[in-house]
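Commentary on secondary and tertiary structure
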Amino acid sequence: MAGPWITEHEEKIVLDALRNGWYGKQAYYYVETFETEFARYHDRKHALMTPNCTTALHLLLAGLNIADGDEVIAPECTWIGSTACITYQRAQPVFADIDPRHWCLTPDSIERAITPRTKAVIVVDLYGNMPDWDGIHELCERRGIIAIEDAAEAIGSTYKGIRAGKFGIGSAFSFHRTKTLTTGEGGMLVIDDDALFERCKFLRDHGRAPGTYYNTEVTFKYMPFNLQAALGYAQFQRLDELVGKKRWIWNGYRERLADIPDLALNPETNNVHNSVWNTALVFGKSHGMSRDKAMAELTKLDLPSRPFFYPLSSLPAYPDREADGRRDNPVSYDISERGINVPSPLNLTDADLDAMCEGIHRVLGH
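Before going into details, it helps to say that this report is about the structure given with it. (Residues numbered from 1 in each chain as written. Predicted model: local features only at pLDDT ≥ 70, side-chain atom pairs only at ≥ 80, totals over all residues. Heavy atoms only, no water.)

**A few points about the side chain of Asn 329**
Here Asn 329 shows up in the loop between α11 (322-328) and α12 (330-338). When its relative accessible area of 4% is taken as the criterion, Asn 329 is described as buried. Once residues within four sequence positions are removed from consideration, Asn 329 is found in contact with Glu 76, Phe 95, Ala 96, Asp 97 and Asp 324. (Helix = DSSP H or I, 4+ residues; strand = E, 2+ residues; numbered from the N terminus. Buried < 20%, exposed > 50% of the residue type's maximum accessible area, 1.4 Å probe, protein only. Contact = heavy atoms within 4.5 Å.)

What follows is the structure, encoded as structure tokens:
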């Protein structure tokens, strides 16, 4: 379903880190180089590499003093990594509905979820799609809400020419093995505010003064390591190539499925350039096709698929919230129940696309 594209370039850089990246200034050379260049690419002042995207978001919430009694709004439809950090801080996640076309939060859905306890909103660039960031920034400024960008799935996407990773007070990325740019596991937090950056950096390594064993707070151990960063840095140097392949996959599905009406794939509006981390497909209601039925039928054809993200309020991880979720966030439940993810690994071939799209035609009887 998903996987990386590793070349001799990555092998060379990682081998250098393996042979030479242990002592003195070399011990964190690739971490610091990757952070510096990643921040510059996204027009941010600072970057902190982390073990994964969830820890990047957690550092940010902790740095912002999100705590007991606070509410943080998040999309109803996303991976739980976007919201687990809220619970880590003993705050309350509040789920808001998504847009039926771009599958992200909207200014209206966020505003409906605001209460006197709302401190922040985590806006997810789902599947590489991007929301109305101008409207979200205006709302958050007007209502005194902190905007946070979860760009885990959107490296390479742009909104009005601005790269994903530049929105909100801080942005977090994922380098999981399934992502466009991978370190196996890994993440990055990018920030502009100097004081917030220093606070998050302090929280990342056991609350100690730099280069000492003197700890002034009990914090987290969210440090990256040099080999991991070397792979990420090498992949980062090939980012245009990696995003190009993801868009090739997406266009391959669009072209092969263009004859089927009432079928929605990741959108691309005039304002958005979509890096399409993973191609998702939502069956129009005219097909009478559910997520679960489609996946079962594709399995019979020996073709892989995965479900669109489940509404978080429907999961056992968030008990006793489904009734409210179905009432308040009907678009999320509707899209999820009609949506699947189709294979989007970076080693996908024309033959793979042909087989998958032929299977979708057969499943829909088209």
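**Digging into the sheet that holds strand β13 (residues 306-307)**
The four strands are arranged β10-β12-β14-β13 in an open sheet whose pairing can be described as antiparallel. Each edge of the sheet is formed by a strand with only one pairing partner; in this case those strands are β10 (263-265) and β13. Sheet topology places β10 next to strand β12 (residues 280-283); three bridges connect them, and they run antiparallel. Bridging across to β12, Ala 264 finds its partner in Val 282. (Pairing = 2+ DSSP bridges.)

**A closer look at helix α8 (residues 226-236)**
When you tally the buried positions in α8, you get ten out of eleven residues, the bulk of the element. Every buried residue of α8 is listed here: Asn 226, Gln 228, Ala 229, Ala 230, Leu 231, Gly 232, Tyr 233, Ala 234, Gln 235 and Phe 236. Where the residues of α8 are buried, they touch α1 (8-20), α2 (29-41), β1 (46-50) and α9 (239-256).

**Some words on α2**
Helix length check: α2 (13 residues) gives 18 Å between terminal C-alpha atoms against 18 Å at 1.5 Å per residue, within 8%. Within α2, the full set of buried residues consists of Tyr 30, Val 31, Thr 33, Phe 34, Glu 35, Phe 38 and Ala 39. Asp 43 sits one or two positions beyond α2 and adopts a positive phi of about 55°. (Expected span 1.5 Å × (residues − 1).)

**Some details on the pattern of salt bridges**
Applying the stated criterion across every chain yields a total of 28 salt bridges. Here Arg 117 ties to Glu 71 by a salt bridge, and the two come within 3.8 Å at their closest N and O atoms. Placement of Arg 117 in the loop between α5 (107-113) and β4 (118-124) and of Glu 71 in strand β2 (residues 71-75) is noted, with a sequence separation of 46 residues between them. With a relative accessible area of 44%, Arg 117 lands in the partly exposed category. Two residues, Lys 166 and Asp 192, come together in a salt bridge whose shortest N-O distance is 3.0 Å. Placement of Lys 166 in the loop between β7 (162-163) and β8 (170-174) and of Asp 192 in the loop between β9 (187-191) and α7 (194-204) is noted, with a sequence separation of 26 residues between them. We classify Lys 166 as partly exposed; its relative accessible area is 24%. (Salt bridge = Lys/Arg side-chain N within 4 Å of Asp/Glu carboxyl O.)

**Some words on the packing of helix α10 (residues 291-300) against helix α13 (residues 350-363)**
For any two helices packed against each other, the geometry comes down to the angle between their axes and how far apart the axes lie. It is at 10 Å that the axes of α10 and α13 come closest, and there the two elements cross at 120°. Relative to α13, the element α10 lies oblique. Crossing of α10 against α13: the hand is right-handed. On α13, the residues touching Ala 294, Glu 297 and Leu 298 of α10 are Met 356, Gly 359, Ile 360 and Val 363. Here the residues of the contact of α10 with α13 sort into five nonpolar, one polar and one charged. (Axes fitted to C-alpha atoms, helices over the stretch in contact; angles between N-to-C directions. Parallel < 35°, antiparallel > 145°, perpendicular 65-115°, else oblique. Left-handed = near helix turned anticlockwise from the far one by under 90°. Nonpolar A, V, L, I, M, F, W, Y, C, P; charged D, E, K, R; others polar.)

**So, the pairing of β12**
Of the two faces of β12, the one holding Ala 280 and Val 282 and the one holding Leu 281 and Phe 283 are both buried throughout. Sheet topology note: the β12/strand β14 (residues 339-341) ladder contains three bridges and is antiparallel. Bridging from a neighbouring strand, Leu 281 pairs with Ile 340 of β14.

**Quick look at the pairing of β8**
Of all the five residues making up β8, five are buried; the element is thus mostly covered by neighbouring parts of the structure. The alternating pattern of β8 places Gly 170, Ala 172 and Ser 174 on one face and Ser 171 and Phe 173 on the opposite face, and all of these are buried. When strand β5 (residues 146-150) meets β8, the two strands line up parallel, connected through two bridges. In the sheet register, Asp 150 faces β8, and the bridge partner there is Ala 172. Here β8 pairs with β9 via five bridges, running antiparallel. For Gly 170, the partnering residue across the bridge sits in β9 and is Ile 191.

**Looking at the sheet that holds strand β11 (residues 272-273)**
With antiparallel pairing, three strands are arranged side by side in an open sheet as β7-β6-β11. Across the chains shown, the open sheet's two edge strands, defined by having one partner strand only, are β7 and β11.

**Topic: the packing of aromatic side chains**
By the definition in use, this model includes 18 aromatic pairs. Arranged with centres 5.1 Å apart and planes meeting at 80°, the rings of Phe 95 and Tyr 318 form a pair that is edge-to-face. Taken together, the positions of Phe 95 in strand β3 (residues 92-96) and Tyr 318 in the loop between β13 and α11 put the pair 223 residues apart, joining distant regions of the chain. An identical accessibility class is assigned to Phe 95 and Tyr 318; each is buried. Taking 5.1 Å as the distance between ring centres and 10° as the angle between the ring planes, the aromatic pair formed by Phe 220 and Tyr 222 counts as stacked. Taking relative accessible area as the criterion, Tyr 222 reaches 14% and is therefore assigned buried. (Phe/Tyr/Trp six-rings, centres within 6.5 Å; stacked < 30°, edge-to-face > 60°.)

Keep in mind these numbers describe shape, not what the thing actually does.
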